[in-house]
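# Observations on the three-dimensional arrangement
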Amino acid sequence: MISVEGLSAKYGDRIVLQGLDFHVGEGELVGLLGPNGSGKTTLLLCLSKVVALHAGKVAVFGRELSAYRARELALVEASVPQRLEISFPFKCIEVVLMGRYPHQREFGDDSDEDLAKAMEAMQLTDTLELAQRRITEISGGEAQRVIIARALAQEAKLMLLDEATANLDVAHKMEMFDLFSQKNEQGGTFLCAMHDLNLAALYCQRLIFLKNGRVSVDGPTTETFTEENLSNIYEAEVKVIEHPDTGAPQALFVPGAERGAHGA
Amino acid sequence: MAASRRAFVLGIVLLTIVSVLSVLGATGIGRLEIPWGTVIAAIGEGLGLSPTGSVERTPLVVVFDIRLSRVILSFLMGAALGVAGSVFQGVLRNPLADPFTIGVASGAAFGAALAFALGWGGTSYLGLGTIPLLALMGALGALALVVILGRVQGRLRRDTLVLAGIVVATFLSALIALIKALDEEAVSAIVFWVMGSFQGRGWIHVGFSLPYLLLGMYLVVKCGRELDILTMGELQARQLGVEVERVRRRLLVGASLLTAAAVSVSGVIGFVGLVVPHLVRMTMGAAHQRLMVFSGLLGGLALLWSDVAARTLLSGGEELPVGVVTALVGGPFFCLLLKRKRGGIILD
């Protein structure tokens, strides 16, 4: 579904991504990990055609990214951005309805179907009771869930999440990822940039680690989530243990360890 | 949603009725007292609804040619400024933006100042002075300049657009100051024009500005939904499927045409395009489709009555510049809004 070949991206003269190659198949739930500045956000922005490719090719559903019109791309790809820029007092339901934009034709009111899809998405993200509140008057975590609802209302097969749950409390974090897993089982494909390693290990089948703008490690979670890989990539001492219930690998960090000991 | 849609339609119907009544009422008000029956009859005859000769010549001219044209012009220009203000605030994602933020007004003022300085203030063609023509050209020229300067790597960016607007406006203001310094005779005419007035405007001005007004309205009114999404930022707008450059350019050109149409016939009238969209956003919410419609109707009403005040407040028969009236009323009113705000304005 997404094929990336030799992808490079630059901001001005600074190279941010360099020669990335990977493929994400339909129905995968992939975690995109890596330290700050490793290029996770830029990669997602390249895939949603916000940042232009400097070199390489990206194909979504077998079609070259450059061949998509903005609206066509929004029908197959929904994004949850890392930072919200909200400056006007829209009602939360109005924000979620913005996700229906690629489905709508021309000028006019939102259809009953649009409204139903929006309400359903709000139900799933536990934001239905916020529908008539203004997005400027709710908490950051609540706003984040409203934006996730907007992405769901978009009904795209591919979801690109950039730290989508970073502002949420633990219960809501789990709730959102349970929801993503459920959508994933129904055929949705997810690429999630994350900092929470343990959350990633709990839910993602496959992890792609970026470092310095390159793919450092890519493979099934059980094989890639190792002490060696994590210590190398994050330049911090890490112990990996097994989750007592699910058996998923989980990382524990060691305080006071010498930073960068494993790095360069 | 169905309930809010009903409220929307009801609001439009109500404001439209109020607008029609206001036009009639304002036409009846003036220094020369004319009975209401005659006013109605004169309007009817002017519009060709009743046979000619039913009203005397003087009240017919005063009511139809002088007052009604001016009242309708002020309503249309207020509507243009209200809509343009709501669009500029949305596109620039700044609730403190107004139709003059990106330099359109300075362009118009420069055009007008040039006309005065060249001594063309008196010449006219079909009763239309050269002032509106040069003001319009100045406004469109300033817009073109701002759009060209505001482009970075082919993209029209919000911050560079505002900066380009400030640069162009400052430069043009300096040129206007230069004209004033070189040509003392033109100073008072320029100053009075810049303050904004409908004195002596008539049907010819309505006809002159109407095409730009209609074109501007056509360009912006269909983009309500895109404007909503644009306020979430360029990044999210792209990810939601909006062709950001195309929509932004269309909205800017449309709103600037509205502004240019208003400024070229009436001079610079402040506060309508700033306060009215604010007031509507606080009461009706931020969705731009209704924001534009209500800002248009309310802006029209605000300017219509401001102009009535401008031409009747002074007992001696002199007129106040209507821009002074809107600023005197709008300024304190805006402060009140800021103090009482709830969800209307977010500055950070």
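Predicted model only: the values in this text are computed from it and were never measured.

### A word on the overall build of chain A
Helix and strand content of chain A: nine helices and twelve strands. When its C-alpha atoms are laid out on the principal axes, chain A stretches across 60 × 40 × 35 Å. Restricting to contacts in chain A with at least 6 residues of sequence separation, those with at least 24 account for 64%.

### Thoughts on the sheet that holds strand E5 (residues 63-64) of chain A
Residues and elements named next belong to chain A. With antiparallel pairing, four strands are arranged side by side in an open sheet as E2-E1-E4-E5. Looking at strand neighbours, the two that pair on one side only are strand E2 (14-24) and E5, the edges of this open sheet. Of the strand pairs in this sheet, strand E1 (residues 2-11) and strand E4 (residues 55-60) are connected by five bridges, and their pairing is antiparallel. Across the sheet, residue Ile-2 finds its bridge partner in E4, namely Val-60. Most of the contacts of helix H1 (residues 40-47) go to E2, to which it runs at about 65°, and overall it touches E1, E2 and E4.

### Remarks on unusual backbone geometry
Residue and element names in this part refer to chain A. Positioned with a positive phi, Asn-212 is a non-glycine residue whose angle comes to about 50°. Along the chain, the position of Asn-212 falls in the loop between strand E9 (206-211) and strand E10 (214-220). Exposure remark for Asn-212: the 14 C-beta atoms within 10 Å place this residue in the partly exposed category. Not every positive phi belongs to a glycine, and Glu-235 is a case in point at roughly 50°. Turning to its location among the elements, Glu-235 is positioned in the loop between helix H9 (227-234) and strand E11 (238-242). Note on Glu-235: 17 C-beta atoms within 10 Å, which makes it partly exposed.

### Things to note about the confidence of the model for chain B
Residues and elements named next belong to chain B. Averaged over all residues, the pLDDT of chain B equals 87, while 94% of them reach at least 70. In the predicted structure, residues 343-348 sits below a pLDDT of 50 and forms 15 contacts with residues beyond four places in sequence or in another chain. Scored by ipTM, the complex comes to 0.92, with pTM at 0.89.

### A word on the packing of helix H8 (residues 203-221) of chain B against helix H11 (residues 244-266) of chain B
All names here are of chain B. Relative to each other, H8 and H11 sit at 160°, their axes nearing to 8 Å. With respect to H11, the element H8 is oriented roughly antiparallel. Relative to H11, H8 is oriented so that their crossing is left-handed. Note on element contacts: H11 touches H8 through Arg-250, Leu-251, Val-253, Gly-254, Ala-255, Leu-257, Leu-258, Ala-260, Ala-261, Ser-264 and Val-265, opposite His-205, Phe-208, Ser-209, Tyr-212, Leu-213, Leu-215, Gly-216, Met-217, Leu-219 and Val-220. The class makeup of the residues in the contact of H8 with H11 is 15 nonpolar, five polar and one charged.

### Looking at the sheet that holds strand E8 (residues 189-193) of chain A
All names here are of chain A. In space, the six strands of this open sheet follow the order E6-E7-E8-E3-E9-E10, with mixed pairing throughout. Both outer strands of the open sheet, strand E6 (77-80) and E10, are each paired with one neighbouring strand and no more. Taken pair by pair, the neighbouring strands of this sheet meet at an average axis angle of 15°, ignoring direction. With four bridges connecting them, strand E3 (residues 29-33) and E8 associate as parallel partners. Paired with Gly-31 across the two strands is Cys-192, which belongs to E8. Helix-sheet contacts for H1 involve E3, E6, strand E7 (158-162), E8 and E9, and the interaxial angle to E7 is about 150°.

### Regarding the pairing of E6 of chain A
Residues and elements named next belong to chain A. Side chains of E6 alternate between two faces, with Glu-77 and Ser-79 and Ala-78 and Val-80 buried alike. Direction of pairing for E6 relative to E7: parallel, over a ladder of four bridges. Pairing of Glu-77 across the sheet is with Leu-158, part of E7.

### A closer look at the interface of chain B and chain A
If you look at the interface, chain B gives 24 residues, while chain A gives 27 residues. For the side of chain B that touches chain A, the elements supplying multiple residues, two or more each, are helix H9 (224-230) and helix H10 (234-239) of chain B. In terms of residue count, H10 of chain B provides more of the side of chain B that touches chain A than any other element does, four residues in total. Per-class residue counts for the side of chain B that touches chain A are nine nonpolar, eight polar and seven charged.

### What to know about H8 of chain B
Residues and elements named next belong to chain B. Helix length check: H8 (19 residues) gives 25 Å between terminal C-alpha atoms against 27 Å at 1.5 Å per residue, within 8%. Largest kink in H8: about 35°, centred on Leu-210, with the proline Pro-211 one to four residues after it. Along H8, the positions that sit buried rather than exposed are His-205, Phe-208, Ser-209, Tyr-212, Leu-213, Gly-216, Met-217, Leu-219 and Val-220.

### Thoughts on the nonpolar core
Core analysis: the biggest nonpolar cluster contains 190 residues, and Val-96 of chain A together with Ala-80 and Ala-112 of chain B have the highest contact counts within it. No other element matches the 17 residues that helix H3 (residues 57-91) of chain B contributes to this core. Leave out the neighbours within four places in its chain, and Ala-80 of chain B touches Leu-213, Gly-216, Leu-258, Ala-261 and Ala-262 of chain B.

### Digging into the pairing of E3 of chain A
Residues and elements named next belong to chain A. When you tally the buried positions in E3, you get five out of five residues, the bulk of the element. Along E3, one buried face is formed by Leu-29, Gly-31 and Leu-33 and the opposite face, lined by Val-30 and Leu-32, is buried too. Across four bridges, the pairing between E3 and E9 is parallel. Each residue of the ladder has a partner; that of Val-30, found in E9, is Arg-206.

Reading the values: the criteria
- Residue numbers run consecutively from 1 along every chain, following the written order of its sequence.
- Whichever chain is written first becomes A and whichever ligand is written first becomes 1, with later ones labelled in order.
- Local features are withheld for residues below a pLDDT of 70 in this predicted model, meaning they are given only at 70 or higher, and side-chain atom pairs are given and counted only at 80 or more; totals for whole chains, interfaces and linings count all residues.
- Helix and strand definitions here come from DSSP, where helices need a minimum of 4 consecutive H or I residues and strands a minimum of 2 consecutive E residues; each element is numbered from the N-terminal end.
- Residues are treated as contacting if the C-beta atoms built from their backbones sit within 7 Å of each other.
- Strands qualify as paired when DSSP identifies two bridges or more between them.
- Each axis is a line fitted through C-alpha atoms, and for a helix only the stretch in contact is used; angles between axes span 0 to 180 degrees, taken between their N-to-C directions.
- Labels follow a simple rule on C-beta atoms placed from the backbone: if 20 or more others lie within 10 Å of a residue's own, it is buried; if 12 or fewer, it is exposed; otherwise it is partly exposed.
- On a range of 0 to 100, pLDDT expresses the predictor's confidence in each residue.
- When describing relative orientation, an angle under 35 degrees is termed roughly parallel and one over 145 degrees roughly antiparallel, while 65 to 115 degrees is termed roughly perpendicular and anything else oblique.
- In this scheme the crossing of two helices becomes right-handed for a clockwise turn of the near helix relative to the far one and left-handed for an anticlockwise turn of less than a right angle.
- As a working rule, the residues Ala, Val, Leu, Ile, Met, Phe, Trp, Tyr, Cys and Pro are called nonpolar, Asp, Glu, Lys and Arg charged, and the rest polar, with Gly in that last group.
- For a helix, the expected span equals 1.5 Å multiplied by the number of residues minus one.
- What the bend at a residue measures is the angle between two axes, fitted to the seven residues ending there and to the seven starting there.
- In this description, a nonpolar core means buried residues of the types Ala, Val, Leu, Ile, Met, Phe, Trp, Tyr and Cys, linked to one another by C-beta atoms lying within 7 Å.

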